[in-house]
Amino acid sequence: MHYLKEAQALKEQMVQWRRHIHRNPEVGLDTKETAAYVSDQLKAMGYDPKPCGKNGVTASLGQGEKTLLLRADMDALEQTEESGLPFASEKPGVSHGCGHDLHTTMLLGAAQLLKAHEKDLQQKIVFMFQPAEEIFAGAQSMIDDGILADNQVDYAFAVHNMPTLPVGTVALTEGPFMPSVDGFTITIQGQGCHGASAQEGVDPINIGAHLHLALQTLIAREINYQTEALLTIGTFQAGTTGNIIPDQAILTGTLRAMDPDVRTFLKDRLETVSRLTAESFRGSAQVTWDYSIPANITDPDRIRQLKGALQAINSAEEAAGTDQRLTLEEGGLLNASEDFALVAAQVPAAFLRIGSRSADSQDCNILHNPKVILNEDALPIGAAVFTAVALEA
């Protein structure tokens, strides 16, 4: 099969899919309209899509001894788009600044290509269109609804566009390469009083300020400096009036680590330091863990499988006498976390990065930036890679 040629023939259709999804972004688990749109496109291809989890979509194709899951996320960011694109988000405060619209489109393209080559499949393919990756809730929702167990999934692939890489580059890292992430809320309880009589109360803002500084020493002084770990306090909320000491302060943040032992150590120390710091100032603190996502790990056999798929793609290009080739870039860690790690924790998996750098060097190429411009030339490449992984079993 000439993967890139067939995927390129679908580009116009994929651009239409992508721009529809881009104009109509949805966040979190509230991806009802996007799920309905994806389902309609799958039905038009001849699939029988099913709901899975909270506003997720799944469909399957083929049969065989092995089952491969291909995953794309559908949700957007709570961010106003400033790209200036003619198909920019039509919903104020919501936009596809992470490019999940590209991922959904790539998997739709692969679904159409694989449907046309269903007779060539030697394994069952399960498509996973997932909501709520940005809030680390969508993968678990679909796992809880049986997408892995019911289909007896053997292994899985997912992609993420990467505007720091040129179109035509596919990147993959063996082993742990995206950190675990544990979201937390620290509720500090003090005692409110008049600001003129501070001695009569217990100031939770003072406790929070000391705690913020104390927590940074967990990274700076309590783990090996060569260990990849990061603690972030993202919000600090307390009080409503300048002359009143409030009863309560709330800090929220994230803890990231590559090593599971370091992760466990830091979670335990965060709880201990929070409690003792609050008590030292006559208050109390309670830590609540809001979500827990393990490190994302790439299975070595999946790298070999991807290399075989890329070889098949490039061999077809060479036979056709074209100069288009895909390049595999190996290695490198990512700072962000991904709830596809929940899938990778249960079945051998790989998380690919697909180059999506804009052709215009003046365009913004930073994900989660309101001005980011992603290259639609990446769409057929993502579809071709998904397809080759499925067919080159």
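A short tour of the structure in this document, coming up.

Cut-offs applied
Residues numbered from 1 in each chain as written. Predicted model: local features only at pLDDT ≥ 70, side-chain atom pairs only at ≥ 80, totals over all residues. Heavy atoms only, no water. Axes fitted to C-alpha atoms, helices over the stretch in contact; angles between N-to-C directions. Helix = DSSP H or I, 4+ residues; strand = E, 2+ residues; numbered from the N terminus. Left-handed = near helix turned anticlockwise from the far one by under 90°. Contact = heavy atoms within 4.5 Å. Nonpolar A, V, L, I, M, F, W, Y, C, P; charged D, E, K, R; others polar. Expected span 1.5 Å × (residues − 1). Buried < 20%, exposed > 50% of the residue type's maximum accessible area, 1.4 Å probe, protein only. Arc of directions from axis to C-beta. Core = buried A, V, L, I, M, F, W, Y, C linked by side-chain atoms within 4.5 Å. Phe/Tyr/Trp six-rings, centres within 6.5 Å; stacked < 30°, edge-to-face > 60°.

Regarding the packing of helix H2 (residues 11–23) against helix H4 (residues 100–116)
For the pair H2 and H4, the least separation of the axes is 9 Å and the interaxial angle reads 145 degrees. When you trace H2 past H4, the crossing you get is right-handed. Residues Met14, Trp17, Arg18, Ile21 and His22 of H2 pack against Asp101, Leu102, Thr104, Thr105, Leu108, Gly109 and Gln112 of H4. Across the contact of H2 with H4, the residue classes tally to five nonpolar, five polar and two charged.

Points about H2
Taking 1.5 Å per residue as the helical rise, H2 with its 13 residues ought to reach 18 Å, and the 18 Å between its terminal C-alpha atoms agrees with that figure. Every buried residue belonging to H2 is among Met14, Val15, Trp17, Arg18, Ile21 and His22, and all of these are buried. In an axial view of H2, the angular spread of the buried residues amounts to 165 degrees, which keeps them on one side of the axis. On its buried side, H2 packs onto helix H1 (3–9), helix H3 (32–45), H4 and helix H10 (378–391).

Observations concerning the nonpolar core
One recurring pattern in soluble globular proteins: nonpolar side chains tend to sit buried together. Counting 62 residues, the largest nonpolar core has Leu42, Leu114, Phe127, Phe129 and Val385 as the members making the most contacts within it. Among the elements that take part in this core, H10 stands out by supplying eleven residues, more than any other. Every residue in contact with Phe127, bar those within four places of it in the chain, is listed here: Tyr47, Val57, Thr58, Ala59, Ser60, Leu61, Leu70, Leu107, Ala111, Leu114 and Ile147. Of all hydrophobic cores here, the second largest spans 29 residues; its members include Ala158, Ala171, Ala341 and Ala344.

Describing the environment of Glu90
Take Glu90: it is sitting in the loop between strand S3 (67–73) and H4. Sequence-wise, Glu90 and Arg23 are 67 residues apart; in three dimensions their C-alpha atoms are separated by 5.4 Å. Here Glu90 is in contact with Arg23 and Asn24, once residues within four sequence places are set aside.

Concerning the packing of aromatic side chains
For the structure on display, the rule yields five aromatic pairs. Considering the side-chain rings of Tyr47 and Phe127, the 5.5 Å spacing of their centres and the 85 degrees angle between planes classify their relative orientation as edge-to-face. Highlighted residues: Tyr47 in the loop between H3 and strand S1 (50–52) and Phe127 in strand S4 (residues 124–130), separated in sequence by 80 residues. With 6.2 Å between their ring centres and 35 degrees between their planes, Phe177 and Phe351 make a pair best called tilted. Of this pair, Phe177 sits in strand S7 (residues 175–178) while Phe351 sits in strand S16 (residues 349–355); the two residues are 174 residues apart in sequence, bridging distant segments of the chain. With respect to burial, Phe177 and Phe351 carry one shared label: buried.

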